[in-house]
Amino acid sequence: SYAMYVLHFPIQGVLRHYFQALVQGPDTPWRVLRLVAYLSAVLVLTFVAALVSWVILERPFLNLKDRFAPRVG
């Protein structure tokens, strides 16, 4: 969940750069649908990026914690 928190802002910024005209386009009945599609894309891409971050970074480092934990006794 922390990766989603960290990654959602840059993903939203990139998508907004490319799709701002589409999302903030004319006020038609399709505007709500375009906004929902945009938010869904941000959510899905954020989830995928967080999953990749978990597999590539977080899990391997968490597997190393037994090697660096303080030893008692």
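Our structure's up above, just so we're on the same page.
Rules and cut-offs
- Residues numbered from 1 in each chain as written.
- Predicted model: local features only at pLDDT ≥ 70, side-chain atom pairs only at ≥ 80, totals over all residues.
- Heavy atoms only, no water.
- Helix = DSSP H or I, 4+ residues; strand = E, 2+ residues; numbered from the N terminus.
- Contact = heavy atoms within 4.5 Å.
- Salt bridge = Lys/Arg side-chain N within 4 Å of Asp/Glu carboxyl O.
- Buried < 20%, exposed > 50% of the residue type's maximum accessible area, 1.4 Å probe, protein only.
- Core = buried A, V, L, I, M, F, W, Y, C linked by side-chain atoms within 4.5 Å.

## Observations regarding the side chain of Ser53
Part 1 of the reasoning: Checked against the element boundaries, Ser53 lands in helix H2 (residues 31–63).
Part 2 of the reasoning: Not counting residues up to four positions away in its chain, the partners in contact with Ser53 are Ala3 and Glu58.

## Some remarks on the pattern of salt bridges
Part 1 of the reasoning: According to the stated counting rule, one finds one salt bridge in the structure shown.
Part 2 of the reasoning: Between Asp27 and Arg31 there is a salt bridge whose closest N-O contact spans 3.8 Å.
Part 3 of the reasoning: The exposure class of Arg31 is partly exposed, given its relative accessible area of 31%.

## Quick notes on the nonpolar core
In summary, soluble globular proteins display a tendency toward joint burial of nonpolar side chains.
Part 1 of the reasoning: Ranked by size, the top nonpolar core spans five residues in total: Ile11, Leu15, Val23, Tyr38 and Val42.
Part 2 of the reasoning: Breaking this core down by element, the ones donating at least two residues are helix H1 (2–23) and H2.
Part 3 of the reasoning: Ranked by residues supplied to this core, first place goes to H1 with three residues.
Part 4 of the reasoning: With residues near it in sequence (within four places) discarded, Val42 still touches Ile11, Gln12 and Leu15.

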